[in-house]
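# Reading the structure
These are the residues of each chain, in order.
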Amino acid sequence: MTRPKKETTKGKQIWVRCNEEQYKQLQGWAQNSGISVSEMALSKIFNIEIVNAPKIKECTHTVTTKAGKIKTYKQQYIVKRKASLKKENQ
């Protein structure tokens, strides 16, 4: 019996030509925002604002000491995420 094929949808690709100066500027914007060059290009084309949306996660660690006691530690950390917001028409 064969496995059913997964339905995967791939994103469409477009190719954009630009000169070296334009590419460096786009790359600089992307690095400053912490996103990829293609995400930055899409945000500029569709007037989308990239904002930081940190998420706090909690991790629990359970440790058994040499004396046989069980200790539980909780640690919180921030996961850096980017979110996009559509800018209002001006």
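The structure under discussion appears in the preceding block.
Let me sum up the structure you'll find in this document. If you're wondering where the values come from, they're calculated on a predicted model, not measured in any experiment.

Thresholds applied
Residues numbered from 1 in each chain as written. Predicted model: local features only at pLDDT ≥ 70, side-chain atom pairs only at ≥ 80, totals over all residues. Heavy atoms only, no water. Helix = DSSP H or I, 4+ residues; strand = E, 2+ residues; numbered from the N terminus. Buried < 20%, exposed > 50% of the residue type's maximum accessible area, 1.4 Å probe, protein only. Contact = heavy atoms within 4.5 Å. Pairing = 2+ DSSP bridges. Axes fitted to C-alpha atoms, helices over the stretch in contact; angles between N-to-C directions. Parallel < 35°, antiparallel > 145°, perpendicular 65-115°, else oblique. Nonpolar A, V, L, I, M, F, W, Y, C, P; charged D, E, K, R; others polar. Expected span 1.5 Å × (residues − 1). Polar contact = N/O pair within 3.5 Å; in protein donor to acceptor, adjacent residues only side chain to side chain. Salt bridge = Lys/Arg side-chain N within 4 Å of Asp/Glu carboxyl O.

A word on the overall build of the chain. Per the secondary structure count, the chain includes two helices and four strands. Helices and strands appear in the chain in the N-to-C order α-α-β-β-β-β. Burial analysis of the chain (90 residues in total) assigns 7% to the buried set. Counting only contacts in the chain whose residues sit at least 6 apart along the sequence, the fraction spanning at least 24 positions is 41%.

Here ten bridges tie strand 2 (residues 55-64) to strand 3 (residues 70-79), and the two strands are oriented antiparallel to one another. Paired with Lys57 across the strands is Tyr77, a residue of strand 3. Where strand 2 hands over to strand 3, the hairpin turn is made up of five residues, of which Gly68 adopts a positive phi near 95°.

The interhelical angle for the contact between helix 1 (residues 20-33) and helix 2 (residues 37-45), taken along N-to-C directions, is 100°, at an axis separation of 9 Å. The orientation of helix 1 relative to helix 2 falls into the category roughly perpendicular. Of the residues in helix 2, those in contact with Tyr23, Leu26, Gln27, Trp29, Ala30 and Ser33 of helix 1 are Val37, Met40, Ala41 and Lys44. When the residues that make up the contact of helix 1 with helix 2 are grouped by side-chain class, the tally is seven nonpolar, two polar and one charged.

For the rest of this paragraph, the subject is helix 1. The end-to-end C-alpha distance of helix 1, which contains 14 residues, comes to 20 Å, matching closely the 20 Å that a straight helix rising 1.5 Å per residue would cover. The opening residue of helix 1, the one whose side-chain oxygen lies 3.2 Å from the backbone nitrogen of Glu21, is Asn19. Positioned one or two residues after helix 1, Gly34 has a phi angle of 75°, which is positive.

Next up on the list: the pattern of salt bridges. Between side chains of opposite charge, pairing is possible as soon as their charged atoms come close. Going through the model one piece at a time under the given rule, you end up with one salt bridge. Ionic pairing is found between Glu20 and Lys24, a salt bridge with its closest N-O pair at 3.9 Å. Within this pair, Glu20 and its partner Lys24 are both found in helix 1, separated by four residues, close to a single helical turn. A residue is classified by how much of its surface remains accessible, and Glu20, at 54% relative accessible area, is exposed.

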